[in-house]
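# Topology and contacts: notes
Given next are the chains, with one letter for each unit.
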Amino acid sequence: MSIRKQYEEVSSFFASNQEEPQESVSAFLATLQETDPAALSHLEGIEEILHVLREWMETGKKPEEGTFQDLEKKMAEILRRLQEEETPAMEEIDSELLGMFLSECRSSLQELEETVLHLDQEGDSENQEEISEARRIIHTFKGECGVIPLPEAQKLCHLAETMIDKAARFPVDPILGLIDWLRRYVDLLVEDSHAPAPDSSELRASFEGILKEGEDAGDSQPSVPGAGEASTPPPGGTIEIEVEEDFLENVPEFISESLGHLADAEAALLEYDQGDKDIEHINLTFRAFHTIKGVAGFLGLTPIVQFAHNTEALLDEVRKGNLECTSTYIDLFLQACDALKRLVGVVEGNQTFSNAELDHWNHLLSQAIEGKLETASGKTAQGAATPLPSAPTKPSGQTSPKKKRIKIDTSIKVSTRRLDRLIDMVGELVIAQSMINQDPQIQSIRTQRFTRNLGQVSKITRDLQEAAMSLRMVTLKATFQKMVRLVRDVAGKAHKQVHLEIHGEDTELDRTVVEEIGDPLVHMIRNAVDHGIETPEERIAAGKDPTGTLTLSAYHQGGSIVIEIQDDGRGLDKEKILAKAQERNCLPPGTKISELRDQQIFNMVFLPGFSTADKVTDISGRGVGMDVVRKNIEALRGKVEINSKKGEGTTFFMRLPLTLAIIDGMVVRIGKERYVIPTLAIIQSFQAKPEHIQSVMEKGETVKVQGQILPLIRLKDLFELREGVEDPFEGLLINVEANNKRACLLVDEILGQQQVVIKSLGKGTKPIQGVTGGAILGDGKVALILDISGILEAASANRPMQGV
Amino acid sequence: MSQTMETTEQIQIQKYLSFFIQDEEYGIEILKVREIIGVTDMTALPKTPPYVKGVINLRGRIIPVIDLKRKFDMGDTEIKEESCIIVTEIQVLEDGDPLQMGCLIDRVSEVTNIEDSKIEPAPKFGGGLDTSFILGLGKTKDRVCILLDIDRVFQESELTEIHSAAENHGEA
């Protein structure tokens, strides 16, 4: 028996205020003696308790009333702590459940945050609809946390729920705090499913503050709309479960979830009945009913709540061991599952349930709790048997025509791995199809029917490819929504008034791009609020609206996506940037300042360690931000540009590819091998003339292009290929750029330009410097995609490529 | 199921795919074999060991191919009519994609049943002959088949990152 259990016994014994010490006390003392003192040392006051207990045991004299009560309080305190400590260890976290929970909770937190921020923005805390929405999400969260179990999170959600009910105004900040806390916790859980919950004392304090205020105000508002007025259905007739308009869209989810829970419960009960007497099965059933009750309560589906509650109460008795779980009970529970299924069916509008039946059930269940099932068991069999056969059959004509049928929109979750495989296969199909189309033998067939069929196949293939690609696309909505919160927080910290406008949040991008875009966006928005937008006083002095406007928009432009961040702040100061650049020697030697274009000056803010902020704040200004932004965006094969006008504001443009999976590439040949060079890295290609080439000390070679002297890189040597042109005048030179470095690559010839799907060379292949991956070309063969920055690095290090 | 673990009277029989490299017969557990394909064009990978023949496109997936003959220091495989690539597959991580690798060989022979009791450990030859890839020598009615530990070949092909991670990333 664990210490906690014994402790519980001892403390309940204390509470009962007995005269004589009992066995439980002596057992407890014995356990404690065996326990390592170090394990108990953190339990303040335990020494004293032990001392008093021992004395009592030995002398048989009950301690004085004052000491006794004092002791009792202390015991309660220690018990609470012990419980807190032990809960995570005692209750095994269900990893499957946790996985499901973690994968879903981010989006629900997102949703909650959106709602809360909207409430905050509107300034209309009386907006019942949204408050209920927020409450619903927190409630669901609480339920889920309880099931997993994550007790700390569950408690906090519970507190938050109470707080929303009690508080006069919607408590925006504490709820945002809760969201943050939950996010942190979720992050921890992702790393380690047994991670302890982060510190929540601050959060609790803020909750309690609000709760107190609410209580002081004296009027506790009625909780959920609908739940309070438990209207007892009129006797006789069939039950009608009306769903409030507001919750209509939540109902389908409820129905499918409930049916899922019930199916799980049923399976567990059957297993239990078949001899696997694991109490966990009963627990699972309990949780199923409990979850259904919770959600139904929120949706105001009173009969379901009642029913689920009664069943749950009975299950709880069984679970605690107060009732012996015989197969009679199992039968009852199974029938309860069926009944609840039908009740849920009533909501959907395709089942009926009579009031009498519901009453009968409620009666039956409450009797069972009192342990009278044995006598009632005969009745159960009859009682359940009589109404059941008649009830489930749909009474024809009886169903009222006004009843709304709720459509259940089905969706399934698919792992990204399977999705990628599908996309791979479709890509392959497209290649195979084009190979057939280009086959000379096929092309010699000239019947009309064949041509038509072939055309049909191409069309379907194209559609299929499009559909497959669209599977990976997600909207920017979630990412943009995060920025709303960010702007609010940063503006608050920097004492600025900022209004964020969002456009084009429905623009779709490849999932991977969307994931990667978050960080750079955060940096840029932070910068815009902290440095770009002035304080209200400055703005008024400049004759502007004291509230600054930040516009975040996304749109398509020529096959890529542009994300624009525009502020109406002070704009970039060209002189300041130039001065800073000179101070830091960032300017390339020989640059004439007067010749620099605005664009070039603005781009200097992307140089590493460059910051024009006069002081470093805790928000930004250390000069790492913009450098990281550019690196991140370039890693996504995107580009970033700045436009600014002093006093009027700054605009950042991020141009991103729609997807990371496809790039525009130039296919080149060296010997027999073909390589793909990303078009983005290519500046120009040209035929070398003798005056271009200059060798240096007979080892290095340089090429003079557009007034610049660039190194000549022979891919043939770099890759140690056997074939390929030696003479630069026979091949082609390609001027490439990456990381602000340029060079010329010598290739045999350019075969063409095309879009290729980037594939990894497989997990079984070590990374090769200078190669980012492979692409399958139109003939089904593999060509390697070159990593220009890797090649430039290898070449400038003046050593052969690092091989595997 | 291709797997046969006939437990009648506790005789363990495994199925092996046997193939030839020159005149020697080798075997790979059939469970590790994904498919056998004809030799297709291979794209060379720069700066890889000579036994790495390159990469091929296996229905949209790019996988490396190694020349087993070269790997065993028996010279280069000459590609002939009967040459083929055995695509092997091992599960590295429980939830990850399986790792696939092609093995270029001279000729596929057959699928044979070999009792576990008929497998003898590889003898120590000494003299620099590395037998670490050899699971054992399987005896069938009339001949002896060299059973390969394909996981080992995978790991020591110096292609895999698993290997480099295991070896404390000795080289950069």
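This report concerns the structure included in the present document. (Residues numbered from 1 in each chain as written. Chains lettered and ligands numbered in written order. Predicted model: local features only at pLDDT ≥ 70, side-chain atom pairs only at ≥ 80, totals over all residues.)

Turning our eyes to something else, we now look at the sheet that holds strand β11 (residues 144-148) of chain B. Residues and elements named next belong to chain B. Spatially, the six strands line up as an open sheet ordered β8-β1-β2-β11-β10-β9, and their pairing is mixed. Edge positions in the sheet fall to β8 (107-115) and β9 (119-120), since each of these pairs with one other strand and no more. As defined by bridge partners, β9 adjoins strand β10 (residues 134-139) across two bridges and the pair is classed as antiparallel. When the bridges of β10 are listed, Ile119 appears paired with Gly138. (Pairing = 2+ DSSP bridges. Helix = DSSP H or I, 4+ residues; strand = E, 2+ residues; numbered from the N terminus.)

Residues and elements named next belong to chain A. At a minimum axis distance of 10 Å, the contact between helix α7 (residues 128-147) and helix α12 (residues 279-299) shows a crossing angle of 175 degrees. If you check the angle between α7 and α12, you find them roughly antiparallel. Of the residues in α12, those in contact with Arg136, His139, Thr140, Gly143 and Val147 of α7 are Arg287, Thr291, Gly294, Val295 and Phe298. Of the residues assigned to the contact of α7 with α12, the class counts are three nonpolar, five polar and two charged. (Axes fitted to C-alpha atoms, helices over the stretch in contact; angles between N-to-C directions. Parallel < 35°, antiparallel > 145°, perpendicular 65-115°, else oblique. Contact = placed C-beta atoms within 7 Å. Nonpolar A, V, L, I, M, F, W, Y, C, P; charged D, E, K, R; others polar.)

So, about the nonpolar core. Counting residues in hydrophobic clusters, the biggest one holds 82 residues, and the most contacted among them are Ile677, Ile713, Cys744, Leu745 and Leu786 of chain A together with Val55 and Ile86 of chain B. When residues are assigned to domains, this core turns out to be shared by domain 4 (416-472) and domain 6 (662-796) of chain A, each giving three or more. Those residues in contact with Val55 of chain B that lie beyond four places of it in its chain are Leu761, Gly774 and Val782 of chain A together with Met42, Thr43, Leu45, Ile62, Ile63, Pro64 and Val65 of chain B. Residues Ala296, Leu299, Cys325 and Val344 of chain A belong to the second largest nonpolar core, which totals 44 residues. (Core = buried A, V, L, I, M, F, W, Y, C linked by C-beta atoms within 7 Å. Buried ≥ 20, exposed ≤ 12 C-beta atoms within 10 Å, placed from the backbone. Domains from an automatic or database assignment.)

With 20 residues, helix α9 (residues 172-191) of chain A should reach 28 Å at 1.5 Å per residue; the first-to-last C-alpha distance of 29 Å fits that figure. Where α9 of chain A is concerned, the buried positions are Pro174, Ile175, Leu178, Ile179, Trp181, Leu182, Tyr185 and Leu189 of chain A. (Expected span 1.5 Å × (residues − 1).)

Take the sheet that holds strand β2 (residues 498-503) of chain A next. Residues and elements named next belong to chain A. The five strands are arranged β2-β4-β5-β7-β6 in an open sheet whose pairing can be described as mixed. Edge positions in the sheet fall to β2 and β6 (639-645), since each of these pairs with one other strand and no more. Along the sheet, successive strands turn relative to each other by an average axial angle of 15 degrees, direction set aside. Summarising the sheet, β6 and strand β7 (residues 649-657) pair through seven bridges and their orientation is antiparallel. For Ser644, the partnering residue across the bridge sits in β7 and is Thr650. Running over the sheet, helix α21 (residues 477-494) touches β2 and β4 (548-557) and is turned about 170 degrees from β2. In the packing of helix α22 (residues 511-532) onto the sheet, contacts are made with β2, β4, β5 (560-567) and β7, and the angle to β5 comes to roughly 20 degrees.

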